[in-house]
Amino acid sequence: MNTWILEKEGFSPADAAADGNRFLCANGYLGLRGVPEEAGPALFPAVTLAGVYDQFEEKWREPVNAPHGLRLQLTMNGRALSLEETAPLRHKTMLDYRYGIYHRDTDFGPARILSSRFTSLADPHLMADQYRVEFQKSGLVSLRVGISTDIWDINGPHLFGFRHHAEEILLTEATTGQKGIRVAVAQGMEISPRVEESISVEPDGLYRTLVAEVFPGDIWTLSVYASVYTSLDHPSPAAQARASIQRAMRVGYLELLQAHQAAWDQVWQASEIQLEGDEAAAQALHASQYHLNCIAPRHAGNMSIPARGLSGQTYKGAIFWDSEMFFFPMFVYTQPEVAQSLLRYRIETLPGARKKAAEYGYRGAFYAWESQEGGEEGCTNFNVVDVFTHRPVRTYFRDKQIHISGDIAYALRSYYDITGDRSLLEEGGAEVILECARFYLSRASLHADREEADFADVIGPDEYHERVTNNAYTNQIILHCLQSALALADIFADRPAWFQGLLLQIKYEKDWPLLENICRRLPAPREREGVIEQFDGYFALEDCTLEEVRSRLRDPREYWGGDHGVAGVTQIIKQADVIAMMALFPGLYTDAQVAANWAYYEPRTEHGSSLSACMYALAACRVGRLEEAWQLFQKTAEIDVLGGGKQWAGEIYIGGTHPASNGGAWMIAALGFAGLRMRGGQLTLQPHLPSQVKRLSFPVTAAGRRYRVEVTQEGGTITEI
Ligand code: IFM
């Protein structure tokens, strides 16, 4: 088995949504869904742009899909040789995870189409497709090669005022409706042998049509290049896109491919985990690392990654806590510059977080639950649609999931602990931590008749139980945030001038003692027989099985949470909550505590989120439940190989790739199986290798040095390289 290749034989329109995700090509700037070149909107093709958002009318704000510059449609003797219209004799799709190359091989009978395409990692604006048609019958052929404006959007349309330039390099420009962002797509093409062509503006875009009489044995080979720029990248996106195509055509497909491959080689050199012992697992790990690496915003330095990556517009293209808790670990240990980018996004969106805190009547920084550009909150008050009434349901993720600010502070602190680099804290990170801490000061509930300070009316990671008090995870992440704020005094004990200024700005004299005060007054989590209560009153809820709760559903797409959901009145939880806390704060809990809590919560967890299994796997490694850890690892790592995961929350489509699981797979392998940890400035290993794994080997970067970790059933080593 080649663990770098994903292959699928056959074609079914019913799989198109899932396959578009599984076979995705992306490069951090854009994502090109894995559907064949001829696909129209029914097969969900998309070129999703990172960080370019738009709102149409009252619909949800979401990322913009650009006009599709790699659309090719073949017609022979008046018959469309398209998977949507003609059943092929044979069709095969492949994705090469090492280099992010999508291949298709379709035999329609009269002609066979073979193509290879990629979104360049060397030039993130560029996509290239080598498209070859082998004619097996004679006839009259017409091939449309162009820029499609027939765009599939979930909540669109987003682009207006299309302007087409029918020149040798095709160019289409349009403008987003809400903010007037200009989007330009240019396309160039080379074909051998030369064929007569005409260019025309058509209702669905700008196309070059190639027409010729062909005979059996004739072969057409095309290299098609498309480039996307927006006015967020450059004041003249059209000129940039055109120039990018001129460059591409000068150097040609092979040279572009080589540059792209060289860029991927560097990524794998920095991050590849080699797993020996189980080929399917090794493939799943490559898939996970590919899917997370291909959406890293390497081009930007101040962008983060949406919860469904660049696989489309699901989850509004927004940035969730997934970035800090699930994507960040792989990057900070392998490509710290990407980890920096994720955190710089939070630093730069601090004004948005301050604004949100102020809107709710608090001080400091309350980050958006679903953050878009500038930290704008994308989460609506009605984030679920009831499947019975079709009415929006009031949800409280936006208002009550206050752990988000602490999650960001946690990642900032980890960045410093793992890299030893103070610069990010100096360049705004310290301010973020302090502002998050100040938010919690103003959010705490103090009581007239007791010492303890509560955090009431919150939602923890388990979103099914809304508006609870003292969620253990939330309280712990808040405590860590407050302690990290206080720790800044030690990290910057040399008191640089900017830090003194910051202390003045946050009214150090007044706020510092308050931080210490709240740290002291946060209640210890309540426990019963060693099991931490997820929130006050959780143990009093109905204790029934997952199957029992599932059997109460009247519609498989019903939302389980909130006031009317089947899970809300029971102890069944959506995703790791107490266990997430134990996985993220391993030093705070004994093995016995982790074991007791795992045994209690795992059977009560739906794993209804792709963020869940990896946290349970990490805890399972720790307590020697290696068979369970292995199964949870497989579930986590395979998700985008199989195209699995939940597709619906109520009536809302939530399909796409699963970067949190992708990051989770890295976490299980490196932090769980190898037991990698940074303790007091030193990397340590505590291997917990399931019997299925013979050897794990991976590179790690810490404190500015590079290491190779090797783990076998006999033990592990860390060697500086
Ligand atoms: O951030 C998660 C959340 O924890 C569960 N629902 C999906 C979100 C995006 O992945």
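Note that the coordinates shown come from a computational prediction; the quantities given were computed from them, not determined experimentally.

Tallying secondary structure elements over the protein gives 20 helices and 32 strands in all. For 721 residues, the compact-globule estimate of 2.2 N^0.38 gives 27 Å, and the C-alpha radius of gyration of the protein, at 26 Å, lies within 12% of that figure. A burial count over the protein gives 62% of its 721 residues as buried. If you take every contact in the protein between residues at least 6 apart in sequence, the share linking residues at least 24 apart comes to 68%. Across the protein, the 67 positively charged side chains and the 91 negatively charged ones have centroids separated by 2 Å.

In the structure shown here, the tally under the stated rule is 47 salt bridges. Among the salt bridges present, the one from Arg132 reaches Glu134, with a minimum N-O distance of 2.9 Å. Taking the relative accessible area as the measure of exposure, Arg132 reaches 32% and is therefore partly exposed. Taken together, the salt bridges that share partners define one network made up of Arg354, Arg363, Glu431, Glu435, Arg438, Lys510 and Asp511.

Ordered in space as 1-8-9-10-11-18-15-14-13, the 9 strands form an open sheet in which the pairing is antiparallel. Each of the sheet's edge strands pairs with one partner strand only, and the pair in question is strand 1 (5-9) and strand 13 (159-166). Here the average twist between neighbouring strands, direction ignored, is 15 degrees. For strand 9 (residues 101-107) and strand 10 (residues 111-119), the ladder comprises 6 bridges, and the chain directions are antiparallel. Residue Arg104 lies in a different strand from strand 10, and its bridge partner there is Ser115. Across the sheet, helix 2 (residues 237-251) touches strand 11 (126-135), strand 13, strand 14 (170-176), strand 15 (182-192) and strand 18 (219-230), and the angle it forms with strand 18 is around 150 degrees.

As a further point, take the nonpolar core. Within the largest apolar cluster, 235 residues are counted, with the highest numbers of intra-cluster contacts made by Trp220, Leu222, Phe331, Tyr601, Met615, Phe633 and Phe673. Tallying contributions element by element places helix 11 (residues 472-491) first for this core, with 12 residues. Setting aside residues no more than four positions away along its own chain, Leu222 makes contact with Leu72, Asp129, Gln130, Tyr131, Leu143, Val145, Met189, Glu190, Ile191 and Leu210.

A cis geometry characterises the amide bond from Gly156 onward to Pro157, with omega recorded as 5 degrees. Structurally, Pro157 can be placed in the loop between strand 12 (139-148) and strand 13. The amide bond that connects Ser192 to the next residue, Pro193, takes the cis arrangement and shows omega of -10 degrees. We note that Asn77 has phi near 50 degrees; this positive angle belongs to a residue other than glycine. By the secondary structure assignment, Asn77 is in the loop between strand 6 (68-76) and strand 7 (79-80). With phi around 50 degrees, Arg495 is a residue other than glycine that occupies positive phi space. Relative to the assigned elements, Arg495 resides in the loop between helix 11 and helix 12 (497-505).

Our focus in this paragraph is the sheet that holds strand 19 (residues 274-276). Strand order in this open sheet of 4 strands is 19-30-31-32, and the pairing throughout is antiparallel. Both edges of this open sheet fall to strand 19 and strand 32 (715-720), since each of them pairs with a single strand only. Neighbouring strand axes in the sheet, compared pairwise and without regard to direction, differ in orientation by 20 degrees on average. Bridge analysis of strand 30 (residues 695-702) against strand 31 (residues 705-712) gives 8 bridges, and the strand direction is antiparallel. Directly across from Pro699, in strand 31, lies its bridge partner Arg708.

Along the chain, Glu451 falls in the loop between strand 22 (445-446) and strand 23 (453-454). According to the relative accessible area criterion, Glu451 is exposed, its value standing at 58%. Through-space distance from the C-alpha of Glu451 to that of Arg521 is 6.2 Å; in sequence the pair is 70 residues apart.

Further remarks concern the side chain of Asn21. In this structure, Asn21 sits in helix 1 (residues 16-22). A relative accessible area of 5% places Asn21 in the buried class. Within polar-contact distance, the side chain of Asn21 engages the backbone oxygen of Ala17 at 3.2 Å. When near neighbours in sequence (up to four residues on either side) are disregarded, Asn21 contacts Arg33, His291, Ser311, Tyr653, Gly655, Gly656 and Thr657.

Let's shift gears to the pairing of strand 12. With respect to burial, strand 12 is a largely interior element, 8 of its 10 residues being buried. Sheet analysis places strand 12 next to strand 17 (residues 205-214), joined by 10 bridges and oriented antiparallel. In the strand pairing of strand 17, Leu143 is matched with Leu210.

What surrounds the ligand is the set Ala307, Tyr315, Phe320, Trp321, Asp322, Trp369, Glu463, Lys574, Gln575, Ser609 and Leu611. Interatomic distance of 3.4 Å between a side-chain N/O atom of Glu463 and a nitrogen atom of the ligand. Between the ligand and Gln575, the relevant distance is 3.1 Å, taken from an oxygen atom to a side-chain nitrogen or oxygen of the residue. Coverage of the ligand by the protein amounts to 95% of the 280 Å² it exposes when considered alone. Along the lines of polarity and charge, the residues of the shell around the ligand split into 6 nonpolar, 2 polar and 3 charged.

As a further point, take the side chain of Asp54. Counting through the fold element by element, Asp54 comes out in strand 4 (residues 47-54). Arg61 provides the closest opposite charge to the buried, salt-bridge-free Asp54, at an N-O distance of 6.5 Å. Reaching out from Asp54, the side chain makes a polar contact with the side chain of His158 at a distance of 2.6 Å. In terms of polar contacts, Asp54 uses its side chain to reach the backbone amide nitrogen of Gly177, at 3.3 Å.

As a further point, take the pairing of strand 6. In terms of burial, strand 6 is largely enclosed, as 8 of its 9 residues are buried. Looking at chain direction, strand 6 and strand 12 are connected through 7 bridges and run antiparallel. Directly across from His68, in strand 12, lies its bridge partner Ser148. Linkage of strand 6 to strand 7, two consecutive antiparallel strands, is achieved through a turn of 2 residues, within which Asn77 is found at a positive phi near 50 degrees.

Attention now moves to the packing of helix 4 (residues 279-293) against helix 5 (residues 322-334). Close contact between helix 4 and helix 5 brings their axes to 11 Å; oriented N to C, the two are set at 95 degrees. Overall, the two elements helix 4 and helix 5 adopt an arrangement that is roughly perpendicular. In this structure, helix 4 contributes Gln289, Leu292 and Asn293 to the contact, and helix 5 contributes Phe327, Met330 and Phe331.

This paragraph deals with the packing of aromatic side chains. When we look at a pair of aromatic rings, we describe it by the centre distance and by the angle of the planes. According to the stated counting rule, one finds 33 aromatic pairs in the structure shown. Ring centres of Trp264 and Trp268 lie 5.8 Å apart, and the angle between their planes is 25 degrees; on these two criteria the pair is classed as stacked. With Trp264 and Trp268 both in helix 3 (residues 253-271), this residue pair falls 4 residues apart, about one helical turn. One exposure class covers both Trp264 and Trp268, and it is buried. An angle of 45 degrees between the planes, with centres 5.1 Å apart, marks the rings of Phe439 and Tyr440 as tilted. Classification of Tyr440 by relative accessible area gives buried; the value is 0%. Here the guanidinium or amino end of Arg144 rests over the ring plane of Tyr207, the centre of that ring lying 3.6 Å away. The ring centre of Phe539 lies 4.1 Å from the NZ or CZ of Arg528, which sits over that ring.

Reading the values: rules and limits
- For every chain, the first residue of the written sequence is number 1, and numbering continues from 1 onward in sequence order.
- Under the rules for a predicted model, residues below a pLDDT of 70 receive no local features and side-chain atom pairs below 80 are neither given nor counted, while totals for whole chains, interfaces and linings still include all residues.
- Side-chain numbers here rest on the full set of heavy atoms in the structure, without hydrogens or water.
- In DSSP terms, a helix is any run of H or I states spanning at least four residues, a strand is any run of E spanning at least two, and both are numbered starting from the N terminus.
- With C-alpha atoms as the basis for the radius of gyration, the globule rule is written as 2.2 Å multiplied by the number of residues raised to the power 0.38.
- The buried label applies to any residue whose accessible area, calculated with a 1.4 Å probe on protein chains only, is under 20% of its type's maximum; exposed applies above 50%, and partly exposed to all values in between.
- It only takes one pair of heavy atoms within 4.5 Å for two residues to be counted as in contact.
- Positive charge is attributed to Lys and Arg, negative charge to Asp and Glu, and no charge count is given to His or to the chain ends.
- Note that the charge is assigned to NZ on lysines, CZ on arginines, CG on aspartates and CD on glutamates.
- Throughout this description, the term salt bridge denotes a Lys or Arg side-chain nitrogen within 4 Å of a carboxyl oxygen of Asp or Glu.
- Strands were regarded as paired on the criterion that DSSP finds at least two bridges between them.
- Angles shown run from 0 to 180 degrees and are taken between the N-to-C directions of axes, each axis being a line fitted to C-alpha atoms and, for helices, limited to the stretch in contact.
- We call a set of buried Ala, Val, Leu, Ile, Met, Phe, Trp, Tyr and Cys residues a nonpolar core when their side-chain atoms join them within 4.5 Å.
- Here a polar contact is recorded for every N or O atom pair within 3.5 Å, except that within protein the pair must consist of a potential hydrogen donor and a potential acceptor, and residues adjacent in sequence are included only if both atoms are side-chain atoms.
- The cutoff for a nearby residue is simple: one of its non-hydrogen atoms must lie within 4 Å of the molecule or strand.
- The protein chains shown are the only cover counted for residues, whose accessible areas, like all others here, come from Shrake-Rupley with a 1.4 Å probe.
- Note that Gly is not counted as nonpolar here; it falls among the polar residues with everything else outside the nonpolar set of Ala, Val, Leu, Ile, Met, Phe, Trp, Tyr, Cys and Pro and the charged set of Asp, Glu, Lys and Arg.
- When describing relative orientation, an angle under 35 degrees is termed roughly parallel and one over 145 degrees roughly antiparallel, while 65 to 115 degrees is termed roughly perpendicular and anything else oblique.
- Aromatic pairing here means that ring centres of Phe, Tyr or Trp (its six-membered ring) are within 6.5 Å. Orientation follows from the plane angle: under 30 degrees is stacked, over 60 is edge-to-face, and everything else is tilted.
- In our convention, an over-ring charge means Lys NZ or Arg CZ found within 6 Å of a ring centre and within 35 degrees of that ring's normal.

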